[in-house]
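Analysis of the macromolecular model
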Amino acid sequence: MRSLSILTLCVLGLGLFGCDTTSSDPLLPTQAIFRLTDIANENGFSLEVNGDSNLRQPDAVQSDTLALVRGRQYTGRIEFYNADGENITFALQENAEVIEVTYGVSGVPPLQITPTDTEQTYGAERNGVDLPVGLTFSVRVPEQTPAFVLGMLTVRVLEYAPNEKGASDDVSSWSQFSIPLSVGRAGPRRPSTLERVTGMSIQFSTPNTPSAQVGFSDSNGLQNGLSSPLDRTQLVVNRRYTAQLRLDGILAGEPEREITETIRNEGVWYLLDYSVSDPQSLAFQSVTELTITDTDADGAPLGLAFSFRTISQFQRESDLRIQMYAYGADATKLDELLDRRLVVDVVVPLDVR
């Protein structure tokens with residue numbers, strides 16, 4: 001068995017890059033490279049991780065985001081290089097019986113990373129005990145993983161004392177670093193470009209009562225706090241209502257048309273938000289239990305459909321405010337909320353009797 005000490009490697013004739021144990025240690029990792037293959041389409045890709053001076057205990061690393069796709073499986077390996085660009089992964093392979101590479105994921109449940117190599121993969125003998133190493137691995141991203149979502153991947157290369165791997169906490173880190181990790185959807189993420197919403201109609205329905213409908217129209221867009229020009233929409237007290245929205249608008253390069261299905265199909269980039277207020281500021285509301293009842297492809301709320309209950313209160317009038325947000329082409333409502341713009345802001349005056 002051989003330890004990772006450069007001095008030991010020199011004694012055993014394994015100092016392939018020299019035997020300097022100072023900062024020019026040829027086994028000092030300064031770069032790691034992930035090499036992964038998407039099993040579904042056999043596409044391979046790599047990601048470089050560079051330490052500020054090394055990857056032993058780096059203050060910071062330079063790396064792009066490791067981007068994975070929801071519902072996919074990957075095979076992968078990790079390689080380590082020194083300051084001269086020489087692959088020093090051999091040192092870990094040669095000492096597989098005292099080495100374990102671990103992968104810790106935060107923020108992206110339930111991502112699964114499983115080692116696919118063992119000590120015997122590299123010819124190590126431990127009297128019948130064959131433990132994982134982790135220089136090669138598989139990644140499974142379950143279909144139910146939210147997308148798009150960001151997290152962190154922490155890699156640790158652990159070095160155990162001889163004969164203590166798997167049986168002791170006596171361990172040190174040969175390398176440790178963290179990189180950003182993301183899970184997204186397959187295919188292009190860019191939706192149709194919505195220039196503006198020019199029309200909205202809302203139909204309120206409850207059993208055994210004629211439905212109520214209200215509409216808005218403005219060729220310049222509905223984002224300026226427009227209030228219904230009609231009288232207050234009449235609703236019946238103590239009823240459960242469902243509501244459906246229809247939208248008209250202009251997409252880039254297209255004439256004005258109904259865009260409800262476009263918004264539904266690209267729902268991960270849109271969110272309709274609802275709030276109820278008392279126009280007389282008396283802290284009474286005649287509408288309660290307002291709930292969005294439809295979702296986008298990621299299972300997040302969309303808002304083209306919603307429900308609520310009317311109740312008997314001293315104050316019969318309430319204002320229903322509807323705001324619609326469009327998210328950037330490379331972001332969704334599960335990303336940073338700052339990357340969005342207001343495309344609809346209207347108020348529906350209600351009168352509950």
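**Things to note about the overall build of the protein**
Within the protein, the secondary structure is distributed over three helices and 21 strands. Counting over 353 residues, the protein shows a buried share of 46%. A separation threshold of at least 6 residues defines the contact pool for the protein, and within that pool the share at least 24 residues apart is 70%. Carbon together with sulfur atoms contributes 46% to the accessible area of the protein, which is approximately 17200 Å² in total.

**Thoughts on the sheet that holds strand β4 (residues 66–69)**
Sheet architecture is open: four strands sit in the order β4-β10-β9-β6, paired in mixed fashion. Looking along the sheet, the strands with just one partner apiece sit at the ends: β4 and β6 (99–106). Between one strand and the next, the sheet's axes are offset by a mean angle of 30°, whatever the strand orientation. In the sheet, β6 pairs with strand β9 (residues 149–160) via eight bridges, with the strands oriented antiparallel. Bridging across to β9, Thr102 finds its partner in Arg156.

**Description of the sheet that holds strand β8 (residues 136–140)**
Sheet architecture is open: six strands sit in the order β3-β2-β1-β5-β8-β7, paired in antiparallel fashion. If you trace the sheet from one side to the other, it starts and ends with β3 (61–63) and β7 (112–115), each paired once. Strand-to-strand twist in this sheet, taken as the mean axis angle between neighbours without regard to direction, amounts to 25°. Here β7 runs beside β8; their pairing, made up of four bridges, is antiparallel. Bridge pairing in β8 places Pro115 opposite Phe137.

**Quick word on the packing of aromatic side chains**
Applying the stated rule across the entire model yields eight aromatic pairs. Here Phe80 and Trp174 contribute two aromatic rings whose centre-to-centre distance is 5.4 Å and whose plane-to-plane angle is 80°, an arrangement assigned as edge-to-face. Remark: Trp174 occurs in strand β10 (residues 171–184) and Phe80 occurs in strand β5 (residues 73–81); sequence separation between them is 94 residues. Across the pair, exposure class does not vary: Phe80 and Trp174 are buried alike.

**Things to note about the nonpolar core**
Of all hydrophobic cores here, the largest spans 41 residues; its most connected members are Met200, Ile202, Phe204 and Met324. Of all the secondary-structure elements, those providing two or more residues to this core are β11 (194–206), β12 (209–217), β15 (240–251), β17 (270–277), β19 (305–310), β20 (317–327) and β21 (340–352). Core analysis: the next-biggest nonpolar cluster, separate from the first, contains 39 residues, Tyr74, Phe137, Val141 and Phe177 among them.

**Details of the pairing of β8**
The alternating pattern of β8 places Phe137 and Val139 on a buried face and Thr136, Ser138 and Arg140 on a face that is not buried. Sheet analysis places β5 next to β8, joined by five bridges and oriented antiparallel. Bridge pairing in β8 links Gln73 to Arg140.

**Focus: the pattern of salt bridges**
Counted by the stated rule, this structure contains 15 salt bridges. Here Arg35 makes a salt bridge to Glu79, at a shortest N to O gap of 3.0 Å. Remark: Glu79 occurs in strand β5 and Arg35 occurs in strand β1 (residues 31–38); sequence separation between them is 44 residues. Note on Arg35: relative accessible area 28%, which makes it partly exposed. Taking relative accessible area as the criterion, Glu79 reaches 10% and is therefore assigned buried. For Arg240, the salt bridge is made with Glu289, and the minimal N-O distance between the two is 2.4 Å. Of this pair, Arg240 sits in strand β15 while Glu289 is found in strand β18 (residues 287–292), placing the two residues 49 residues apart along the sequence. According to the relative accessible area criterion, Arg240 is partly exposed, its value standing at 37%.

**Describing the environment of Ile113**
Topologically, Ile113 is positioned in strand β7. Between the C-alpha atom of Ile113 and that of Gly134, which follows or precedes it by 21 residues, the distance is 9.5 Å. Ignoring any residue separated from it by four or fewer positions in sequence, one finds Ile113 in contact with Tyr103, Val105, Phe137, Ser138, Val139 and Leu153.

**Details of the confidence of the model for the protein**
Of the residues in the protein, 84% have a pLDDT of 70 or more, and the chain-wide mean is 84. Within the model, the stretch residues 1–22 combines pLDDT values under 50 with 47 contacts to residues more than four positions away or in other chains.

**Some words on the environment of Met324**
Following the sequence through the fold, Met324 ends up in strand β20. Leaving out residues up to four positions away in the same chain, Met324 has contacts with Leu194, Val197, Leu247, Ile263, Tyr270, Leu271, Leu272, Arg341, Leu342, Val343 and Val344.

Thresholds applied
Residues numbered from 1 in each chain as written. Predicted model: local features only at pLDDT ≥ 70, side-chain atom pairs only at ≥ 80, totals over all residues. Heavy atoms only, no water. Helix = DSSP H or I, 4+ residues; strand = E, 2+ residues; numbered from the N terminus. Buried < 20%, exposed > 50% of the residue type's maximum accessible area, 1.4 Å probe, protein only. Contact = heavy atoms within 4.5 Å. Areas by Shrake-Rupley, 256 points an atom, 1.4 Å probe, with all protein chains shown as cover. Pairing = 2+ DSSP bridges. Axes fitted to C-alpha atoms, helices over the stretch in contact; angles between N-to-C directions. Phe/Tyr/Trp six-rings, centres within 6.5 Å; stacked < 30°, edge-to-face > 60°. Core = buried A, V, L, I, M, F, W, Y, C linked by side-chain atoms within 4.5 Å. Salt bridge = Lys/Arg side-chain N within 4 Å of Asp/Glu carboxyl O. pLDDT = per-residue confidence, 0-100.

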